[in-house]
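A look at the structure
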Amino acid sequence: MTIRVVVADDQELVRSGFAMILAAQPDIEVVAEAGDGAAAVDAVRRLAPDVALLDIRMPGTDGIEACRAISTETGCRTVMLTTFDSDDYVYEALHAGASGFLLKDVRRDDLVHAVRVVAAGDSLLAPSVARRLIADYTSRPAATAVSSAARLDVLTARERETLLHLARGLSNAEIAAALVVSEHTVKTHVGNVLSKLGLRDRIQAVICAYECGVVTPSPEGQPSPASPAQARKAPGEDRSAG
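Residues numbered from 1 in each chain as written. Predicted model: local features only at pLDDT ≥ 70, side-chain atom pairs only at ≥ 80, totals over all residues. Heavy atoms only, no water.

1. Topic: the packing of helix 7 (residues 157–167) against helix 10 (residues 202–211)
The contact between helix 7 and helix 10 brings their axes to 8 Å, and the two run at 105°. Considering their axes alone, helix 7 and helix 10 lie roughly perpendicular with respect to each other. For the pair helix 7 and helix 10, contact is made by Leu-163, Leu-166 and Ala-167 and by Arg-202, Ala-205, Val-206, Ala-209 and Tyr-210, respectively. Residues that form the contact of helix 7 with helix 10 fall into these classes: seven nonpolar, no polar and one charged. (Axes fitted to C-alpha atoms, helices over the stretch in contact; angles between N-to-C directions. Helix = DSSP H or I, 4+ residues; strand = E, 2+ residues; numbered from the N terminus. Parallel < 35°, antiparallel > 145°, perpendicular 65-115°, else oblique. Contact = heavy atoms within 4.5 Å. Nonpolar A, V, L, I, M, F, W, Y, C, P; charged D, E, K, R; others polar.)

Printed below as a string of structure tokens:
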């Protein structure tokens, strides 16, 4: 199956470079290029691509607004392009519906891999972007955090463990090893977590884990388990599930 892609960036050389790399792949077709967010949204509406690669900073309609419109109005999945030091909108873009983030200095193979991963329905974050997400979250006043631990009462104990491992950035294989279960079982748990909490993908699961207090950032900026009081279990929860 051919993956159809729209590439949007206001810098023509960057945009053309990404488009050339992707178009060289036998399973990827670049159906349009756009120089701003409005043009990107229009292209997605007209051409119904599988993935939109969006620069987070563009004139007029920026990447976040374009991402929000695309996620709301279409089935196209979005990957945001960002720079390590200058972008402060990672958290907002994730809430707008982004399925992944890439740095603009991404390697050729990683760019292609990201498009394929997102087109397949999964999500990804570059490690440095994940650190920025954690730093952004921890810089917010405590009052702005969503105090919704009760939302997790619908999860079994094993599903909560799965959510914790998702927040740590573990793959299905790594979660399977940690829980001593099969990857198939992990996929089931992940699917249950997303379905029960009304989440679109693993990135939204990470956001939910922080907002609900399942994990809290350590001083080093890495996720650590919340205290028992923060990550309380639901009354009568089946702790042997899964």
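2. Focus: unusual backbone geometry
Residues other than glycine predominantly adopt negative phi, and peptide bonds predominantly adopt the trans conformation. One non-glycine residue with positive phi stands out, namely Ala-48, at about 50°. Among the structural elements, Ala-48 can be located in the loop between helix 2 (37–47) and strand 3 (51–55). The backbone phi angle of Val-180 is positive, close to 55°, even though this residue is not glycine. Relative to the helices and strands, Val-180 is located in the loop between helix 8 (172–179) and helix 9 (183–197).

3. Description of the pattern of salt bridges
Enumeration over the complete set of coordinates arrives at twelve salt bridges. When the shortest N-O distance is used, the salt bridge between Arg-46 and Asp-42 registers 2.9 Å. Within this pair, Arg-46 and its partner Asp-42 are both found in helix 2, separated by four residues, close to a single helical turn. Overall, the relative accessible area of 54% leaves Arg-46 in the exposed class. (Salt bridge = Lys/Arg side-chain N within 4 Å of Asp/Glu carboxyl O. Buried < 20%, exposed > 50% of the residue type's maximum accessible area, 1.4 Å probe, protein only.)

4. Quick look at the environment of Arg-15
Within the secondary structure, Arg-15 sits in helix 1 (residues 12–23). We classify Arg-15 as buried; its relative accessible area is 14%. A C-alpha to C-alpha distance of 8.1 Å links Arg-15 and Ala-34, two positions 19 residues apart in sequence. Every residue in contact with Arg-15, bar those within four places of it in the chain, is listed here: Val-7, Asp-9, Asp-10, Glu-33, Ala-34 and Gly-35. Among the polar contacts made by the side chain of Arg-15, one reaches the main-chain carbonyl oxygen of Asp-9 at a distance of 2.6 Å. (Polar contact = N/O pair within 3.5 Å; in protein donor to acceptor, adjacent residues only side chain to side chain.)

5. Points about the packing of helix 7 against helix 8
Two elements in contact, helix 7 and helix 8, have axes separated by 10 Å at closest approach and are oriented at 130°. When the axis of helix 7 is compared with that of helix 8, the two are oblique. Between helix 7 and helix 8 the crossing geometry is right-handed. Contacts from Arg-158, Glu-161, Thr-162, His-165 and Leu-166 of helix 7 reach helix 8 at Ile-175, Ala-178 and Leu-179. Its residues placed into classes, the contact of helix 7 with helix 8 shows four nonpolar, two polar and two charged. (Left-handed = near helix turned anticlockwise from the far one by under 90°.)

6. As for the pairing of strand 1 (residues 3–8)
Two faces make up the sheet, and in a regular strand the side chains alternate between them. Of all six residues that make up strand 1, five are buried, and the element is covered over most of its length. Across six bridges, strand 1 lies against strand 2 (residues 28–34) in parallel orientation. Looking at strand 2, one finds that Val-6 is bridged to Ala-32. A crossover links strand 1 with its parallel partner strand 2, the connecting element being helix 1, and its sense is right-handed. Two strands pair when backbone bridges link them, and strand 1 and strand 3 are joined in this way by four bridges, in the parallel orientation. Looking at strand 3, one finds that Val-6 is bridged to Ala-52. (Pairing = 2+ DSSP bridges. Right-handed = clockwise from strand over helix to strand, strands pointing away.)

7. Remarks on helix 3 (residues 63–73)
Turning to helix 3, its buried residues are Gly-63, Ile-64, Ala-66, Cys-67, Ala-69 and Ile-70. Its side-chain oxygen placed 3.2 Å from the backbone nitrogen of Ile-64, Asp-62 serves as the N-cap of helix 3.

8. Describing the confidence of the model for the chain
Overall, the prediction assigns the chain a mean pLDDT of 80, with 76% of residues at 70 or greater. Mean pLDDT across the elements of the chain bottoms out in strand 8 (residues 223–225) (53) and peaks in strand 1 (98). The low-confidence segment residues 143–147 (pLDDT under 50) makes four contacts with residues lying over four places distant or belonging to another chain. The low-confidence segment residues 227–242, where pLDDT is below 50, has 29 contacts with residues more than four positions distant or belonging to other chains. (pLDDT = per-residue confidence, 0-100.)

9. Re the environment of Arg-77
Relative to the helices and strands, Arg-77 is located in strand 4 (residues 77–82). Along the chain, Arg-77 and Pro-49 lie 28 residues apart, while their C-alpha atoms are 8.6 Å from each other. Looking at Arg-77, its side chain comes within polar contact range of the main-chain oxygen of Val-118, at 2.8 Å. At a separation of 3.4 Å, a polar atom in the side chain of Arg-77 contacts the main-chain carbonyl oxygen of Gly-121.

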